[in-house]
Amino acid sequence: MHGKDNNAVFRALDQSGQGVVAVRDILARLEGAGLDANDPRLDALTRELQRHSDGNHGAIDSISFDALVTAGQSLLERTVKEELVIPQFSKFADQVRDIFDKTKDNRSGSVASYIPQLARVAPDQFGVAVCTTDGQRLILGDATVPFSFQSSCKPILYSAALECHGADRVHAHVGREPSGQSFNELTLDKQGRPHNPMINAGAIMCSSLLQPEGAMADRFEHLSSLIETLAGGRRPGFDNAIYHSERDTADRNFALAHYMRERGAFPEGTDIFRTLDLYFAACSIQITAENMATIAATFANGGVCPPTGERVFKDDTVKNCLSMMYSCGLYDYSGEFAFRIGMPAKSGVCGAIFAVVPQVMGIAVWSPRIDELGNSVRGVEFFKRLVETFNFHNYDGMVDSRKLDPRRRRQTAESNATFSAIQAASRDDVDELKRLVACGYPLDRADYDGRTPLHLAAAEGHVEAVTYLLVQAVARNPIDRWGNTPLDDAIRHDHPDVADLLQQSGDENTSDTTDDEAANRQIH
Ligand code: GLU
């Protein structure tokens, strides 16, 4: 983004038209779009802007802007042009905050109590975090409080196994069907495999496939650094007390492992004790809703972590994992969740649910009170409310276009821009016209009546808007469906100053657009 592009972005930022922009306003613009000050992609840009602003009373002119804005520029450009995946992030954030507040009243359910460490967790905690595929973030409530990963680590164990061995080898040992049984049921499918990787038996199987030849420390380190990379470089913690109690109270998991060994389900040479140890350690890794949302966003982004741009998983791994999460991620509520909410998701008895809106965002909710099926009560309610407001259900676009849909918004942006330009011109809103220019939208498209922004600005007598449109070299004499030009409108509505402006510019520019050309610009 240099020269021409930079100028357009600068003009869009320069709301007052004074030729200078406060650095603080640029940073506020990024923040308003949900782009964090700690976002690694913006490091160089914010550092440069800050350094410049220190010596220049916090302001920057277009020449310095052009010289400085080389790093992180495309993100700034896309922010200004409202091209990020959630273009109006603050509006979206308000709606999500509202859902969060309403959900907070729900105090049903109780914390998991199969180990004392989980039974002691403060039950009313509630955190929600969003991270979009453009790295826009929203952090609400207790989203930065750590909790143990529990079953929500299962998609990662499965993906890690897929990355190591590929789908054929992994699925020789674990099925792809919902079990129709409880998550820790002592049952295997007809081929003697665990039903799927999202239940305990399947996750234990995936643990056995993780670098089986390696030392335990290396296997665990592999998993931790994978989680760190998925979370954009945030190192996860580890809850040693949870780990010990998981291990000491794990009769069922031991029974599952023995049963699978008896049925010959494991790869040859598997040490089930080391395998179980790795599984317990995975469940005891500490995570926050904030970091879990980034992990979910990495899945939403096809395996590339949005804030770092690092590819963590292959496309196929993500596709397979999301398919399993969609059909099996919510214990015995999986079918219902897929039906009502329509997002691939995974829950855990810690009270977390993370969900993926492919190509849009990852969302994590954490609230420790769970229902009898093991899912966070507030988590489920939050997602139900979320899909009432947004088109995030996988099949939503097919049935209900009234809800806000950030994914499909861009497709209608062109035609919306024409109407925005016409409306902006009719209320003398030059800032909005500038924004549309910065986005690359033409200002001389006509509506179904052949009315252009210039017609509207002239009819309302808006000198500023007319001047701006003329500077942008729009067609001066387009004819609307009643045969009127903007000059006709200015005269008819008694705006002599606007009529003069239009006449002068007509005199200066004889190579004006023909009526035919103007008619061709109409959109219907
Ligand atoms: N550590 C738990 C177990 O294996 C995980 C429980 C869960 O979140 O489903 O029993």
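Residues numbered from 1 in each chain as written. Predicted model: local features only at pLDDT ≥ 70, side-chain atom pairs only at ≥ 80, totals over all residues. Heavy atoms only, no water.

Student: Before we move on, could you go through the overall build of the protein and cite the residues and values that matter?
Tutor: Helix and strand counts for the protein come out as 26 helices and ten strands. Each of the three principal axes of the protein carries a C-alpha extent, and together these read 95 × 55 × 45 Å. Sorting the 524 residues of the protein into buried and exposed places 55% on the buried side. For the protein, long-range pairs separated by at least 24 residues make up 68% of all intrachain contacts whose partners lie at least 6 apart in sequence. Surface exposure of the protein reaches about 22200 Å², of which carbon and sulfur atoms provide 46%. (Helix = DSSP H or I, 4+ residues; strand = E, 2+ residues; numbered from the N terminus. Buried < 20%, exposed > 50% of the residue type's maximum accessible area, 1.4 Å probe, protein only. Contact = heavy atoms within 4.5 Å. Areas by Shrake-Rupley, 256 points an atom, 1.4 Å probe, with all protein chains shown as cover.)

Student: Describe in detail helix H2 (residues 23-32), supporting the description with residues and values.
Tutor: Of all the residues in H2, the buried ones are Val-23, Ile-26 and Leu-30. Taken around the axis of H2, the buried residues stretch over an arc of 60 degrees, which confines them to a single face. Opposite the buried face of H2, by more than 90 degrees, sit the exposed residues Arg-24 and Glu-31. (Arc of directions from axis to C-beta.)

Student: Please provide a residue-by-residue account of the nonpolar core, values included.
Tutor: In this structure, Phe-149, Leu-157 and Ile-295 are the most contacted members of the largest nonpolar core, which totals 68 residues. Here Phe-149 is in contact with Ile-156, Ile-227, Ala-282, Cys-283, Ile-285, Ile-287, Met-292, Ile-295 and Cys-350, once residues within four sequence places are set aside. Counting 33 residues, the second largest nonpolar core, distinct from the first, contains Phe-126, Val-360, Val-380 and Phe-383. (Core = buried A, V, L, I, M, F, W, Y, C linked by side-chain atoms within 4.5 Å.)

Student: Explain the site of the ligand to me, and be specific about the residues and the numbers.
Tutor: The environment of the ligand is formed by Tyr-114, Gln-150, Ser-151, Phe-183, Asn-200, Glu-246, Asn-253, Tyr-279, Cys-283, Tyr-331, Gly-348 and Val-349. At a separation of 2.8 Å, a nitrogen atom of the ligand approaches a polar side-chain atom of Glu-246. Separating an oxygen atom of the ligand from a backbone N or O atom of Val-349 is a distance of 2.9 Å. In the complex, 95% of the free accessible area of the ligand, which totals 290 Å², lies under the protein chains. Here the residues of the shell around the ligand are counted per class, giving six nonpolar, five polar and one charged. (Near = heavy atom within 4 Å. Polar contact = N/O pair within 3.5 Å; in protein donor to acceptor, adjacent residues only side chain to side chain. Nonpolar A, V, L, I, M, F, W, Y, C, P; charged D, E, K, R; others polar.)

Student: Got a sec to walk through the sheet that holds strand S7 (residues 285-287)? Specific residues and values, please.
Tutor: Reading across from one edge, S5-S7-S6 is the order of the three strands in this open sheet, with antiparallel pairing throughout. Two strands in the sheet have a free side with no partner beyond their single neighbour: strand S5 (147-148) and strand S6 (237-238). Against the sheet, helix H14 (residues 272-284) contacts S5, S6 and S7, and its axis sits at roughly 20 degrees relative to S7. Most of the contacts of helix H15 (residues 289-300) go to S7, to which it runs at about 90 degrees, and overall it touches S5 and S7. (Pairing = 2+ DSSP bridges. Axes fitted to C-alpha atoms, helices over the stretch in contact; angles between N-to-C directions.)

Student: Break down the pairing of strand S9 (residues 352-357) for me, with residues and values.
Tutor: Counting buried positions over the six residues of S9 gives six, a clear majority of the element. Here S9 shows a buried face lined by Ala-352, Phe-354 and Val-356 and a second buried face lined by Ile-353, Ala-355 and Val-357. Between strand S8 (residues 345-347) and S9, which pair antiparallel and follow one another directly, the connecting turn spans four residues, one of which, Gly-351, has a positive phi of 100 degrees. Examined bridge by bridge, S9 and strand S10 (residues 361-366) share six bridges and lie antiparallel to one another. The residue of S10 that forms the bridge with Ala-352 is Trp-366. Where S9 folds back onto S10 in an antiparallel hairpin, the turn is made up of three residues, including Gln-359, whose phi is positive at roughly 65 degrees.

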